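Coordinate inspection notes
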Amino acid sequence: MNAIQAKDRLYGQLAASLKNMSRVVGQTADLFEQLQTDLDAMRVLAGTHAAQFITVAAELSPEPDGGASTEVTTG
């Protein structure tokens, strides 16, 4: 009778562990879904910042010929 009680107790612990593991796996799936949403938002934000950076860099960069095309040379 003692072995049967020990077996039942161990099966009870196993069932509780499996139930807990199932709950934790569900939470992990929810966290991965939120992570995917956050990564998508970061990708959009990075693209926006890159476009802003390129626009500002283009506005601030000097002319390639150093502005020489506006000078008139006589010869």
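The notes below deal with the structure included here. Residue indices follow the written sequence of each chain, beginning from 1 at its first position. In keeping with the model being predicted, local features are shown solely for residues with a pLDDT of at least 70 and side-chain atom pairs are shown and tallied solely at 80 or more, while totals for entire chains, interfaces and linings include all residues. Water and hydrogen atoms were dropped before computing side-chain values, which therefore reflect all heavy atoms in the structure.

Some points on the overall build of the protein chain
By definition, any uninterrupted DSSP run of H or I lasting at least four residues is a helix, any uninterrupted run of E lasting at least two residues is a strand, and each is numbered from the N terminus. Secondary structure summary: the protein chain contains one helix and zero strands in total. Partly exposed describes any residue whose relative accessible area lies between the buried limit of under 20% and the exposed limit of over 50%, with all areas from a 1.4 Å probe on protein chains only and scaled to the type maximum. For the protein chain, the residues scored as buried account for 1% of the 75 residues in total. Only the protein chains shown count as cover for residues, and all accessible areas are computed by the Shrake-Rupley method using a 1.4 Å probe. Carbon and sulfur atoms make up 64% of the accessible area of the protein chain, which totals about 6,900 Å².

Notes on the pattern of salt bridges
Counted as salt bridges are all cases of a side-chain nitrogen of Lys or Arg within 4 Å of a carboxyl oxygen of Asp or Glu. Across all of its chains, the model carries one salt bridge by this definition. Here Asp 40 makes a salt bridge to Arg 43, at a shortest N to O gap of 3.1 Å. In this pair, Asp 40 and Arg 43 both sit in helix H1 (residues 2-60), three residues apart, roughly one turn of the helix. For Asp 40, a relative accessible area of 30% puts it in the partly exposed group. Taking the relative accessible area as the measure of exposure, Arg 43 reaches 54% and is therefore exposed.

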